[in-house]
Amino acid sequence: MNTYYADGSSVQIGALVPLTRPGWVEAGQHLLAGLELAVREVNEAGGIVGRPLELVVRDTAADPQRAAAAVDELAHLGVAALAGEYHSVVARAAAARADALGLPFLCSSAVVDALTEQPTEWVARLAPAQSRGWQIYADFLLSAGHSRIAVAAEPSVYWASGIRILRDHLAPRGGTVVELDMRALAPTAVCDELVDNRATALLLLVGHPEPAVSIVKSVRRDQRLAGIMMGAPAGQPEFAEWATLLGDDSAAIPFLRYLPERLSPLGARVETVLRERLGEAPCFVAFEGYDTVAVLADVLRTQGADRARTAEYWPRVAVEGTRGQIQFSRMPGISVWQWARTPIQVVDRDPAEPDRFRILHAD
């Protein structure tokens, strides 16, 4: 099958993916499916100037220390670049280590603005910065008539950043954000807090499946809260497991999704193949995985497997991905090379047909 390669050596990309708990396993599976499909297609088209492209996969299990150790190992193995990761706190640890080692890292899915503490030339990102996506979500809340927002939150750099973005964006527009500390509250106690605070919307800034699923069930069953809207900007309702665990309760919970209203011909083809591989509709994370390899393959073909030259090439990337043309630039307040025009939607599951998504707002 690989007889066209000049020698047996491969060009390796290290892939960081959450594949076991407490990582978001379904997200990791979709991310890996996208990465693997793109690698297969690169190799079917002749590889990287006659050499096969190879993924070296490491499971981060949502553990920052484990991710940092994996970056050290992959750098020692000689990978040309790093790809992947879904969880923001894990991607931060990986990005810091990649920056320290001088190893190019194209982050697929993590959105937290401060992916590195200081500006770096080594890291680029496909997912939108959290500030952009969550400001769009805040605008959606206001347009839907919600100005008294409660957030059920767990301790995390990612959740704390999200709360700050929401507060900063909503306050000048007359909105308020009340934080409910889920270290101190049981899911049933959340309902009393929502009534006391007269909140019209509750955002789930908590882990999946728990306590997110239990909170949804408690709120849905409390007659006092029949009119409240629940939201999950981080995207928990995107995945099939959400619908399986919650049934009809899974619907009408808006979340952020990074897809265009209409996929390109490439995106439509990739969607068809991924659906067959996954046995279900691919979520946006699978497209992020595919686009990551598409970008890295283009860079490696152009610059070779030299790490420094790869990092120097980020601002010159122009690759047609599944969701539009990918280019990287510097953005205010963002420390890495950033795809500035990642498509963003607010969507939910249709109450009449929970397997179908409704686009409620798009940017």
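Just so it is clear, the structure is predicted and the values come from calculations on it, not from any experiment.

Undergrad: A description of the packing of aromatic side chains should follow, citing residues and the corresponding values.
TA: Considering all chains together, one arrives at eight aromatic pairs under this definition. Ring geometry for Trp24 versus Tyr86: centroids 5.4 Å apart, planes at 85°, classification edge-to-face. Here the residue Trp24 occupies a position in the loop between β1 (11-17) and α1 (25-44), and Tyr86 occupies one in the loop between β3 (81-84) and α3 (88-101), the gap between them amounting to 62 residues. The two residues Trp24 and Tyr86 agree in class, both being buried. Where Trp314 meets Phe328, the ring centres are 5.8 Å apart and the plane angle is 80°; that geometry is what we call edge-to-face. A residue pair is termed long-range when its members are at least 10 positions apart, and Trp314 in the loop between α11 (307-313) and β11 (319-321) and Phe328 in strand β13 (residues 328-329) qualify at 14 residues. Three or more aromatic residues link up through ring pairs in this structure, and these residues are Trp24, Tyr86 and Phe239. Above the face of the Trp337 ring, Arg330 is positioned so that its terminal group lies 4.3 Å from the ring centre.

Undergrad: I'd like to hear about the pairing of strand β7 (residues 176-181), residue by residue, with values.
TA: Bridge count for strand β6 (residues 148-153) against β7 is six bridges, and the pairing is parallel. Directly across from Ile149, in β7, lies its bridge partner Val177. For the crossover from β6 across helix α5 (residues 157-170) to β7, the handedness is right-handed.

Undergrad: With reference to specific residues and values, describe the state of the cysteines.
TA: Within the structure shown, the criterion is met by zero disulfides. Left unpaired, Cys283 is separated from the closest cysteine sulfur, that of Cys107, by 15 Å.

What counts and how
Residues numbered from 1 in each chain as written. Predicted model: local features only at pLDDT ≥ 70, side-chain atom pairs only at ≥ 80, totals over all residues. Heavy atoms only, no water. Phe/Tyr/Trp six-rings, centres within 6.5 Å; stacked < 30°, edge-to-face > 60°. Helix = DSSP H or I, 4+ residues; strand = E, 2+ residues; numbered from the N terminus. Buried < 20%, exposed > 50% of the residue type's maximum accessible area, 1.4 Å probe, protein only. Lys NZ or Arg CZ within 6 Å of the ring centre and 35° of its normal. Pairing = 2+ DSSP bridges. Right-handed = clockwise from strand over helix to strand, strands pointing away. Disulfide = S-S within 2.5 Å.

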